[in-house]
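Structural characterization, general
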2 protein chains.
Amino acid sequence: MEITRRNLFKGSAALAVIGAVGPVSSALDDPLASWNDGPAKKAIVDFVRATVNQSSPTFVPAEQRIATFDQDGTLWVEHPMYTQVVYCFERVPVVVKAKPELANVEPFKTVLSGNHEAIAKLTMDDLFKILGATLTGMHVDQFESEAKQWLDHARHPRWKRPYSELTYLPMTEVLNYMRANGYRTYIVTGGGQDFVRVYSGKTYGIPPEQVVGTAGGTSYGYDKNGKPFLTKEPKLLLNDNNAGKPEGIHLMIGRRPFAAFGNSTGDRQMLEYTKAGDGNRLAMLVLHDDGSREYAYGPATGLPDTKVGTFTQALYDEAKSKGWTVISMKNDWKRIFV
Amino acid sequence: MEITRRNLFKGSAALAVIGAVGPVSSALDDPLASWNDGPAKKAIVDFVRATVNQSSPTFVPAEQRIATFDQDGTLWVEHPMYTQVVYCFERVPVVVKAKPELANVEPFKTVLSGNHEAIAKLTMDDLFKILGATLTGMHVDQFESEAKQWLDHARHPRWKRPYSELTYLPMTEVLNYMRANGYRTYIVTGGGQDFVRVYSGKTYGIPPEQVVGTAGGTSYGYDKNGKPFLTKEPKLLLNDNNAGKPEGIHLMIGRRPFAAFGNSTGDRQMLEYTKAGDGNRLAMLVLHDDGSREYAYGPATGLPDTKVGTFTQALYDEAKSKGWTVISMKNDWKRIFV
């Protein structure tokens, strides 16, 4: 093309239009555009540069680039209740309809009563009974379609938005940034593996085979036409919390991650295990200290510990002593949601 | 470049040189060059074309392209004994050295005696005791380095070659052909997941996270310096044989394969599960009917069933009735090993 005053002008006009859509242009320049400059953002960028630059002494070959992310409280909102627990509570009427004898049996009776005070007093043992009754006993395909249908309609009580829209934009940027640099991103969650797999692709761009979660057994059988199916059994294979996270990573991935992100004591061992590897490793913890834009909880915030995604003082101290980086939602994130 | 008689001639000379290296040229043309033309080769090529061609009614999006392969007897030799079982037997002296009290306890006493007749009479229960003693109780890193060292030195009794060289060339071609067409290739083996992961990358181009096998639990702990490690525990999480194969595929991959390859009754449910999916699915069984180039065993060969990789008449009949393709090593494979 011949350069003339006319097409130069057209070019400038095009640039001006791009410039007007500020956030797009800046997002193109900065893959972590929702992060304020500070030690957290710097830790991520420095780590990626140090591990993907071929001339770096801590270069990591592409096939070894594994980054693991806790889900609840790390990638999306876990307050006031884990999404999957909400699902299980809301499934109770369906389960009782199929097995009416449960209507007068605890803890189902209490859940059906709708009495919030009584429900809040249910024990962990009660919770496990509810999880067992609502997450097992059906074919895996049936579970998948029911969970998907629920997720399409469920809304968070505070924002009145689908849970899939309550992912943290800055963490979505980290997922994309890591993947653009050859990292395979895994979810390593205390939540149910089958549950998270239902939406992980659409919500996080993470395929089912890259979801490690609390997993139960299945059993293989045949229907009356001889067609095989798998039934979800109430048999726990992996409790993917605490020590279960590195154990689950070994079982499902077979490699030690180079980067790990969490937000609670349930992620402690995953971060220890990641950071204990050779070379440059990244361990980060999201601190929920933004009560106005999201929630503030845990002793490290000076606010009451709500027992959801516990971020204890001991965890905070371990982070400081072992070189893990704490992400302050209040200070490090320009924006929380899309 | 200007075309002249001179550079045309150079081009022809270059072509002549390539032509002289016959097998390379033909391998470039035909990704399955070690296969004779016939129904088995045709089934593979037809399946790949029908699932990766965008205009095909049975097109499969890239992210869903999963192919699973049994290992022993499907990708490499399983005769006269599974490689991992050989490893476990050869590890017994090391285990007894560390725990001398085992020297007079069965089945270790018999293994140490070297009496082949007595060893051949050991029961499955004895075998599990040997597997437990030789595959658990150590850190995962230690297990990995010991197994790797053994594999570097072990030789097959018949061919006197490392086990890694006794992979079937035609199946290596299938792995490469599937991958070149966007399929992710998984090993789904009754063998130990941790054992196979030690060499799967180098031997098959399959990374550890794409190995599904019989898996035991691990436990997380710390050494005296506070450094974390994982110990292999004698607790079975997944028996990846028979119904355990589809169950393991659900646990570890979370998707139904589009293609599955096996060679024995242990692979039956994996092939059923694969073939029962929608669209175009491929199920194939390797029949060991070549006693001179490899081994011939199983009733379908008309030869005695050796109980290794059992290919029963019932399996053969199911294959025929369900549209699975049987691969005759004798007739379908031009060459067995590299």
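Everything numeric here is computed off the predicted structure, so don't read it as measured data. Within any chain, residue numbers begin from 1 and follow the written order of that chain's sequence. The lettering of chains begins at A and the numbering of ligands begins at 1, in the order of writing. Owing to the predicted nature of the model, reporting of local features is limited to residues with pLDDT of at least 70; listing and counting of side-chain atom pairs is limited to 80 or more, with chain, interface and lining totals taken over all residues. To get the side-chain values, take all heavy atoms of the structure and skip hydrogens and water.

**Things to note about the side chain of His288 of chain A**
All names here are of chain A. Note on placement: His288 falls in the loop between strand E6 (282–287) and helix H13 (313–322). As used in this structure description, the phrase polar contact means that two N or O atoms lie within 3.5 Å; if the pair is within protein, one of them must be able to donate a hydrogen and the other to accept it, and residues adjacent in sequence are counted only when both atoms belong to side chains. Side chain to side chain, His288 and Asn263 meet in a polar contact 3.4 Å long. Those residues within four positions of His288 in sequence are excluded, and the remaining contacts are Gly73, Glu78, Tyr168, Asn263, Glu294, Tyr295, Ala296, Tyr297, Thr301 and Met329. A run of H or I in DSSP becomes a helix once it reaches four residues, and a run of E becomes a strand once it reaches two; helices and strands are each numbered from the N terminus. Should any heavy atoms of two residues lie within 4.5 Å, those residues are counted as being in contact.

**Concerning empty space enclosed by the protein**
Residue and element names in this part refer to chain A. Whether a set of points on the 1 Å grid over the protein atoms alone is a cavity depends on a 1.4 Å probe fitting there but being unable to get out, while an open set qualifies as a pocket with protein on both sides within 12 Å along at least five of seven lines; lining residues are those with an atom within 4 Å of a point. Grid points are joined across faces, edges and corners, and a volume is the space filled by probe spheres set on the points. In this structure the tally under the stated criterion is 1 cavity of 30 Å³ or more. Space inside the largest cavity adds up to approximately 30 Å³. As for the largest cavity, its lining consists of Gln71, Asp72, Trp76, Thr83, Gln84, Gly191, Phe195, Val196 and Tyr199. Sorting the residues of the lining of the largest cavity by element identifies helix H4 (83–98) and helix H10 (193–204) as the ones contributing at least two each. When grouped by side-chain class, the residues that make up the lining of the largest cavity number 4 nonpolar, 4 polar and 1 charged. Under the convention adopted here, Pro, Cys and the residues Ala, Val, Leu, Ile, Met, Phe, Trp and Tyr are nonpolar, Asp, Glu, Lys and Arg are charged, and Gly plus all remaining residues are polar.

**Focus on the side chain of Thr274 of chain B**
Residue and element names in this part refer to chain B. Following the sequence through the fold, Thr274 ends up in helix H12 (residues 268–275). Under the scheme applied here, a residue whose accessible area is under 20% of the maximum for its type counts as buried, over 50% as exposed, and between as partly exposed, the area being computed with a 1.4 Å probe on protein chains only. What makes Thr274 buried here is its relative accessible area of 0%. Residues contacting Thr274, with those up to four places away along its chain left out, are Arg256, Pro257, Phe258, Ala259, Ala260, Arg281 and Leu282.

**A short note on the relation of the copies chain A and chain B**
Of the transformation placing chain A onto chain B, the axial shift is 0.0 Å and the rotation is 180°, giving an RMSD of 0.0 Å. This pairing of chains is accounted for by a two-fold axis. A symmetric contact is evident, with 100% of the interface residues of chain A recurring at the interface of chain B. Superposition of the copies used a least-squares fit over C-alpha atoms from residues whose pLDDT is at least 70 in both.

**Focus on helix H7 (residues 124–135) of chain B**
Three- or four-residue spacings in an α-helix give side chains the same orientation, since the helix completes a turn every 3.6 residues. Residue and element names in this part refer to chain B. To estimate the expected span of a helix, subtract one from its residue number and multiply by 1.5 Å. Spanning 12 residues, H7 covers 16 Å between terminal C-alpha atoms, matching the ideal 16 Å at 1.5 Å per step. By the burial criterion, the buried members of H7 are Asp126, Leu127, Ile130, Thr134 and Leu135. Each buried residue of H7 lies within a common arc of 140° when the element is viewed along its axis, so the set occupies one face. Of the surrounding elements, those touching the buried residues of H7 are helix H4 (83–98), helix H5 (108–113), helix H8 (140–153) and strand E4 (228–238). In this description, the arc belongs to the directions extending from the helix axis to the C-beta atoms.

**Looking at the packing of helix H3 (residues 39–52) of chain A against helix H9 (residues 169–180) of chain A**
Residues and elements named next belong to chain A. It is at 11 Å that the axes of H3 and H9 come closest, and there the two elements cross at 10°. Comparing their axes, H9 and H3 come out roughly parallel. Between H3 and H9, the contacting residues are Ile44, Val45, Phe47 and Val48 on the first element and Val174, Tyr177 and Met178 on the second. Partitioned by chemical class, the residues of the contact of H3 with H9 number 7 nonpolar, no polar and no charged. The convention used is that axes are lines fitted to C-alpha atoms, helices contributing only their stretch in contact, and that angles between N-to-C directions extend from 0 to 180 degrees. Angles are sorted into four bins: roughly parallel if under 35 degrees, roughly antiparallel if over 145, roughly perpendicular if 65 to 115, and oblique for all others.

**A short note on the packing of H4 of chain B against H7 of chain B**
All names here are of chain B. With their axes 9 Å apart at the nearest point, H4 and H7 run at an angle of 65° to one another. When the interaxial angle is binned, H4 and H7 end up roughly perpendicular. H7 is crossed by H4, and the crossing has left-handed handedness. Residues Gln84, Val85, Tyr87, Cys88, Phe89, Arg91, Val92 and Val95 of H4 lie in contact with H7, whose contacting residues are Leu127, Ile130, Leu131, Ala133, Thr134 and Leu135. Here the residues of the contact of H4 with H7 are counted per class, giving 11 nonpolar, 2 polar and 1 charged. The sense of a crossing depends on the near helix, which, turned anticlockwise from the far helix by less than a right angle, makes the crossing left-handed and, turned clockwise, makes it right-handed.

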